[in-house]
Amino acid sequence: MGNLQVIEYGLGPAAILLLLAYHIYLFYRTRRDPLSTSLGLARRTRALWVRSIMKNNKDILAVQTLRNWTMASTFLASTAIIIGLGIFNLALTADKQGELSLLIGPLSIDHPVLWTTKLVILGIDFLIVFFNFTLAVRYYNHTGFMINLPTDEPGVVSVEGVIKILDRGGTHYTLGMRGYYLAIPLALWLFGPLWMLSGTLLLIAVLYRLDRGV
């Protein structure tokens, strides 16, 4: 195995491991001290919002807010499936596209199978993004029906039940956005492993600031 192959097959997995390690750290930090991360803070805020809406019967506010979330998720899902299908089409029709990566990334290797594999991985990422945003829409729609129901009838609906459904929607929305963020280093991977590693380090630095809570 040549030096270029060592760089190609070494830096790519290293960048993925860095992203995985960061999100494991974020997961445990969110579990131990939720309010220290934006994810935990958002979950807490959604719970307080549901309790306020159901306690004060703010039906119009609930409908408008859920409509905005649904529209945003629908737009992002539509964008993801279009990009994903376009990438798969490129993967099936590309023959000399690897020359572009050699031009921009001099430490890349010209290997058609590797180039196609990178495109397929990027396409799968956008399909996962699409799947998460469609699930977010599903849970937001469920929340829209449940949040306006009376809670004085036992067995019908509860505040905690509505919070749980909305939290699932919020989780899938977050996963969808993470998929969009992950597309940045994956797209840079097409131009070489050094581009991917640089994009990964930059992404982790940005996410660290975004994921900080109070």
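Summarised in this report is the structure supplied together with it. (Residues numbered from 1 in each chain as written. Predicted model: local features only at pLDDT ≥ 70, side-chain atom pairs only at ≥ 80, totals over all residues. Heavy atoms only, no water.)

**As for the packing of aromatic side chains**
The condition that has to hold: The criterion for an aromatic pair is that two Phe, Tyr or Trp rings (for Trp, the six-membered ring) have centres within 6.5 Å, with stacked assigned to planes under 30 degrees apart, edge-to-face to planes over 60 apart and tilted to the rest. Each helix is a run of DSSP H or I of at least 4 residues and each strand a run of E of at least 2, with the numbering of both proceeding from the N terminus. Each residue's exposure class comes from its accessible area (1.4 Å probe, protein chains only) as a fraction of the maximum for that residue type: buried when under 20%, exposed when over 50%, partly exposed otherwise.
Summed over the entire model, instances satisfying the criterion amount to 7 aromatic pairs. A ring pair is formed by Phe126 and Tyr180, whose centres lie 5.9 Å apart and whose planes are at 75 degrees; its orientation type is edge-to-face. Highlighted residues: Phe126 in helix α5 (residues 112-146) and Tyr180 in helix α6 (residues 159-189), separated in sequence by 54 residues. Each member of the pair Phe126 and Tyr180 is classed as buried. A ring pair is formed by Phe133 and Tyr180, whose centres lie 6.0 Å apart and whose planes are at 45 degrees; its orientation type is tilted. Here Phe133 is found in helix α5, whereas its partner Tyr180 is found in helix α6, with 47 residues between them in sequence. Take Tyr180: its relative accessible area is 17%, and that puts it in the buried class. Here a set of aromatic residues connected by ring pairs shows up, and it is made of Phe126, Phe133, Tyr173 and Tyr180.

**Remarks on helix α2 (residues 38-56)**
Since one α-helical turn is 3.6 residues long, residues separated by three or four positions face the same way. Rules: A helix is expected to span 1.5 Å multiplied by its residue count minus one.
With 19 residues, α2 ought to run about 27 Å at 1.5 Å a step, and its terminal C-alpha atoms sit 26 Å apart, in line with that. Burial in α2 covers these residues: Gly40, Arg46, Ala47, Trp49, Val50, Ile53 and Met54. At the exit of α2 stands Asn57, carrying a positive phi of roughly 55 degrees.

**So, the pattern of salt bridges**
What counts here: Salt bridges are counted wherever a side-chain nitrogen of Lys or Arg sits within 4 Å of a carboxyl oxygen of Asp or Glu.
For the structure shown, the criterion picks out 4 salt bridges. Ionic pairing is found between Asp167 and Arg43, a salt bridge with its closest N-O pair at 3.1 Å. One end of the pair, Asp167, is in helix α6; the other, Arg43, is in helix α2, and 124 residues separate them in sequence. Residue Asp167 is classed as buried on the basis of its relative accessible area, which comes to 18%. For Arg43, a relative accessible area of 45% gives the class partly exposed. Between Asp211 and Arg178 there is a salt bridge whose closest N-O contact spans 2.4 Å. Of this pair, Asp211 sits in the segment after α7 (193-210) while Arg178 sits in helix α6, placing them 33 residues apart in sequence. Accessibility assignment for this pair places Asp211 and Arg178 in one class, buried. Through salt bridges that share partners, Arg43, Arg46 and Asp167 make up one connected network.

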